[in-house]
Amino acid sequence: MTHLLILGGTTEANALAKAVAERGIPATYSYAGRVENPRPQPLPVRVGGFGGVEGLARYLRDHAVTHVVDATHPFAAQMSGNAVNACREAGVTLAALTRPAWTAQEGDNWRHVADIDGAVAALSGAPQRVFLAVGRMHLEDFAAQPQHHYLLRLVDEPDALSLPNCDVVVARGPFSEENDRALLQRLGIELVVSKNAGGTGARAKLDAARALGVPVLMIDRPALPQRTELSNVAQVLDWLDHSGVNLGV
Ligand SMILES: NC(=O)c1ccc[n+]([C@@H]2O[C@H](COP(=O)([O-])OP(=O)(O)OC[C@H]3O[C@@H](n4cnc5c(N)ncnc54)[C@H](OP(=O)(O)O)[C@@H]3O)[C@@H](O)[C@H]2O)c1
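The residue numbers shown here count from 1 along each chain, following its written sequence. Only residues with pLDDT of at least 70 get local features here, since the model is predicted, and only at 80 or more are side-chain atom pairs given and counted; chain-wide, interface and lining totals rely on the full set of residues. Working from all heavy atoms in the structure, the side-chain values ignore hydrogens and water.

### Considerations on the environment of Arg61
Point 1. Under the scheme used here, helices are H or I runs from DSSP no shorter than 4 residues and strands are E runs no shorter than 2 residues, and both carry numbers assigned from the N terminus. Along the polypeptide, Arg61 turns up in helix H2 (residues 52-62).
Point 2. The spatial distance from the C-alpha of Arg61 to the C-alpha of Arg172 is 35 Å, given a sequence separation of 111 residues.
Point 3. Any two residues whose heavy atoms approach within 4.5 Å at even a single point are treated as in contact. Beyond its immediate stretch of four places on either side in the chain, Arg61 contacts Glu89 and Ala90.

Below, the structure is given as C-alpha cells:
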C-alpha cells in the first residue's frame with residue numbers, strides 16, 4: 001500500500017499535492033509550522049518538526065511511508081539533509097522536487113554572497129534603503145547593520161523586530177513585476193537582498209530591480225546532499241509510476 005509523504009511549504013509542493021490528490025494517491029503533506037495560517041491542502045496535513053533524522057525515520061516507519069518527495073524550499077537545507085538520512089535509515093524511496101536557481105540576465109546588477117553571514121557583512125557601509133527579502137527566520141542577523149532603512153515583506157505580521165528602521169509589508173506571493181516595481185519606487189529602494197530561491201513566484205522583485213537599475217545582493221544556495229532531483233510535477237508522477245505506485249486516472 002502506497003503512502004507518499006510530501007515535505008512542503010512551497011508553491012511546487014502545493015502543485016504536487018493537487019496532482020496527487022486528483023489521482024487519489026494516498027499521501028500526507030507536511031508543514032514545518034512557520035506561518036500562522038498555512039494554505040489548506042487537498043491532502044491530510046501534519047504540522048511541525050519530526051525531531052531530526054531519528055524522529056523522521058520513526059515517523060516513516062510508524063506511518064508506513066513508502067515514498068518521500070522533498071519539495072521544501074532550496075534554503076531548507078537542514079530538512080533536506082535529514083530527509084536523505086532518514087529515508088536511507090528507514091529504507092524509503094526519496095526524490096526531491098527542485099527548481100533551477102535564478103541566473104542574472106542582461107541588465108541585472110547582482111553581487112553574489114555565499115550565505116546570510118556574507119549578506120550581513122556586505123551591508124556594512126553607508127545607510128541605504130534596502131529591500132530585505134530573506135523571509136522571517138534570519139532578520140535578527142541584520143540587526144548587526146542597523147544603519148539601513150529596511151523594507152520587509154512577510155507572510156505574518158511580526159511580533160517584535162530587532163531592526164530599528166523598517167517598513168513591513170504583510171503579503172503572500174506570488175508577486176507581479178508591476179506591483180514590485182511600484183513598491184520599490186514608492187519606498188525609494190536602493191538595494192534588494194534576495195535568496196536565490198528560483199521559481200516564478202518570488203522573482204518579480206528581481207525583474208523590478210532590473211527595470212529600475214537597482215542592484216541586488218544575491219545569497220547563493222546552500223549545498224544540498226546528493227539525491228534524485230526532479231524539476232516538475234509531471235516528472236514526480238512519472239517517478240512514482242516507475243516505482244510501482246498506482247496513479248489512478
Ligand atoms: N528557508 C526559506 O527561505 C523558506 C522559504 C519559503 C518556504 N520555506 C519553507 O519553510 C519550511 C521551513 O524552512 P527552513 O528553512 O526553516 O527549514 P530548515 O532550516 O531546513 O529546517 C529546520 C527544521 O524545521 C523542520 N522542518 C522544516 N521543513 C519541514 C517540513 N516541511 N515539515 C516538517 N518539518 C519541517 C525540521 O525539524 P525537525 O528536525 O524537528 O524535523 C527541520 O530540521 C520548509 O517547509 C520550507 O519549504 C522556507
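Structure's up, so let's keep going.
### Structural notes on the pairing of strand E10 (residues 191-195)
Point 1. Classification of residues uses two cut-offs on accessible area relative to the type maximum, computed with a 1.4 Å probe and protein chains only: under 20% is buried, over 50% is exposed, and between them is partly exposed. Within E10, five of the five residues are buried, which leaves it mostly tucked inside the rest of the structure.
Point 2. With burial as the criterion, each face of E10 is covered, one bearing Leu191, Val193 and Lys195 and the other bearing Val192 and Ser194.
Point 3. Two elements, strand E7 (residues 129-133) and E10, share four bridges in a ladder whose sense is parallel. Looking across to E10, one finds that Leu132 is bridged to Val193.
Point 4. With four bridges connecting them, E10 and strand E11 (residues 216-219) associate as parallel partners. In the strand pairing of E11, Val192 is matched with Val216.
Point 5. With the strands pointing away from the viewer, any crossover whose connection runs clockwise from the first strand over the helix to the second is right-handed. For the crossover from E10 across helix H6 (residues 204-212) to E11, the handedness is right-handed. A pair of strands is treated as paired once DSSP finds two or more bridges between them.

### Examining the nonpolar core
Point 1. Counting residues in hydrophobic clusters, the biggest one holds 23 residues, and the most contacted among them are Ile6, Val20, Val69, Val236 and Leu240.
Point 2. Among the elements of the structure, strand E1 (4-7), helix H1 (11-22), strand E2 (27-31), strand E5 (93-97) and helix H7 (233-242) are those that each provide at least two residues to this core.
Point 3. Top contributing element to this core by residue count: H1, with five residues.
Point 4. With near-sequence residues (within four places) excluded, Val69 lies in contact with Leu4, Leu5, Ile6, Leu7, Leu16, Ala95, Leu97, Val236 and Trp239.
Point 5. Working definition of a nonpolar core: buried Ala, Val, Leu, Ile, Met, Phe, Trp, Tyr and Cys residues. They are joined through side-chain atoms within 4.5 Å. Ranked by size, the runner-up nonpolar core spans 19 residues in total, among them Val113, Ala119, Leu123 and Leu139.

### Here's the deal with the environment of Ser124
Point 1. Structurally, Ser124 is set in the loop between helix H4 (116-122) and E7.
Point 2. Placed 20 residues apart in sequence, Ser124 and Ala144 show a C-alpha to C-alpha distance of 8.8 Å.
Point 3. The contact partners of Ser124, leaving out residues within four places of it in the chain, are Gln145 and Gln147.

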